Amino acid sequence: MSPNEKLLKQNILRNHAIKLLNDRGVELKDISDIVFDLQKSYVDDLTHEMCLHNVEKVLDKREVQNAVITGIELDIAAESGHLSPVLSDLLMRDEGLYGIDEILCLSIVNVYGSIGLTNFGYVDKIKPGIIGKLNDEKSNCCNTFIDDIVGALAAAAASRIAHAQPQLEDLSR
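Please read all numbers here as calculations on a predicted model, not as lab measurements.

*Asks:* Please provide a residue-by-residue account of the UniProt feature "domain: YutG/PgpA" (unreviewed entry) in the chain, values included.
*Replies:* Those residues carrying the UniProt feature "domain: YutG/PgpA" (unreviewed entry) are residues 52-163 in this numbering. As annotated, residues 52-163 comprises 74% helix and 0% strand, and the C-alpha atoms at either end are separated by 16 Å.

Take a look at the structure:
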């Protein structure tokens with residue numbers, strides 16, 4: 001078995017991404033709560049279980065795992081002083097014009113098309129649930145990437161649900 005096959009089989013990346021989220025105080029249920037709020041007006045029979053399932057499916061994607069791990073580990077490195085003083089300062093302050101945190105998260109939201117981008121913009125602006133809590137916790141920790149990662153995961157899961165809905169519009173007109 002090749003190293004890549006072994007990595008895939010053991011779900012090392014997925015498990016590490018989820019562990020990093022959990023270690024930073026984010027449970028998958030927190031993300032699925034945001035998904036539910038995003039989709040409840042559009043899906044009549046939506047359940048919290050469906051939302052959690054879709055968050056888990058988003059986390060099955062390698063590109064998503066890579067973004068989650070990279071972003072959270074950059075937050076941790078900034079807290080620990082393992083980055084240059086200039087970059088650590090930018091990240092610890094969540095400098096408004098930094099923007100790289102949002103750019104990294106585009107790799108998550110783009111997995112499910114343009115609706116992912118609009119969902120992400122919406123949650124990034126209103127900062128619902130755990131996103132707002134993470135955004136506000138900046139005194140001793142760096143949450144520059146994780147708040148956007150959580151928003152991107154929620155946006156992608158909501159988009160996944162939207163894509164699974166039947167077309168209601170008659171396209172023959």
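*Asks:* So what's going on with the nonpolar core? Residues and values would help.
*Replies:* Counting 49 residues, the largest nonpolar core has Leu21, Val68, Ile108, Ile149, Val150 and Leu153 as its most contacted members. Mapped by element, the contributors of at least two residues to this core are α2 (12-23), α3 (28-39), α4 (48-58), α5 (62-80), α7 (100-109), α8 (114-126), α9 (130-136) and α10 (146-164). No other element matches α10, which puts eleven residues into this core. Not counting residues within four places of it along the chain, the set of residues in contact with Leu21 comprises Val26, Leu28, Val68, Ile72, Ile146, Ile149, Val150 and Leu153.

*Asks:* How would you explain the packing of aromatic side chains if you had to name every residue and give the values?
*Replies:* Overall, the coordinates contain one aromatic pair when judged by the stated rule. An angle of 85° between the planes, with centres 6.3 Å apart, marks the rings of Tyr98 and Phe145 as edge-to-face. Here Tyr98, found in the loop between α6 (85-93) and α7, pairs with Phe145, found in the loop between α9 and α10; they are 47 residues apart in sequence, far enough to count as distant. The pair formed by Tyr98 and Phe145 is uniform in burial state, with each residue classed as buried.

*Asks:* So what's going on with the pattern of salt bridges? Which residues, and what values?
*Replies:* Pairing is possible between side chains of opposite charge, provided their charged atoms come close. Taken as a whole and judged by the stated rule, the model has nine salt bridges. In this structure, Arg14 engages Asp60 in a salt bridge whose closest nitrogen and oxygen atoms are separated by 2.6 Å. Pair noted here: Arg14 is in helix α2 and Asp60 is in the loop between α4 and α5, with a separation of 46 residues, a long-range link. By relative accessible area, Arg14 is classed as buried at 15%. Assessed through its relative accessible area of 40%, Asp60 is described here as partly exposed. In this structure, the salt-bridge partner of Lys29 is Asp33, at a minimum N-O distance of 3.0 Å. In this pair, Lys29 and Asp33 both sit in helix α3, four residues apart, roughly one turn of the helix. Residues joined by salt bridges that share partners form a network here, namely Arg14, Lys57 and Asp60.

Here is what the cut-offs are and how they apply
- The residue numbering used here restarts from 1 in each chain and proceeds along that chain's sequence as written.
- The predicted origin of the model limits local features to residues at a pLDDT of at least 70 and limits the giving and counting of side-chain atom pairs to 80 or more, whereas totals for whole chains, interfaces and linings rest on all residues.
- The side-chain quantities take in all heavy atoms of the structure and omit both hydrogens and water.
- UniProt positions are given in the numbering used here, feature names are shortened, and annotations may be inferred rather than shown by experiment.
- A run of H or I in DSSP counts as a helix once it spans at least four residues, and a run of E counts as a strand once it spans at least two, with each numbered from the N terminus.
- Put simply, buried Ala, Val, Leu, Ile, Met, Phe, Trp, Tyr and Cys residues joined by side-chain atoms within 4.5 Å make one nonpolar core.
- Buried residues are those whose accessible area, probed at 1.4 Å on protein chains only, stays under 20% of the maximum for their type, while exposed residues exceed 50% and partly exposed ones sit between those limits.
- In this description, contact between two residues means that some pair of their heavy atoms is separated by no more than 4.5 Å.
- Between 30 and 60 degrees the pair is tilted, below 30 it is stacked and above 60 it is edge-to-face, where a pair is any two Phe, Tyr or Trp rings, Trp via its six-membered ring, whose centres lie within 6.5 Å.
- Counted as salt bridges are all cases of a side-chain nitrogen of Lys or Arg within 4 Å of a carboxyl oxygen of Asp or Glu.

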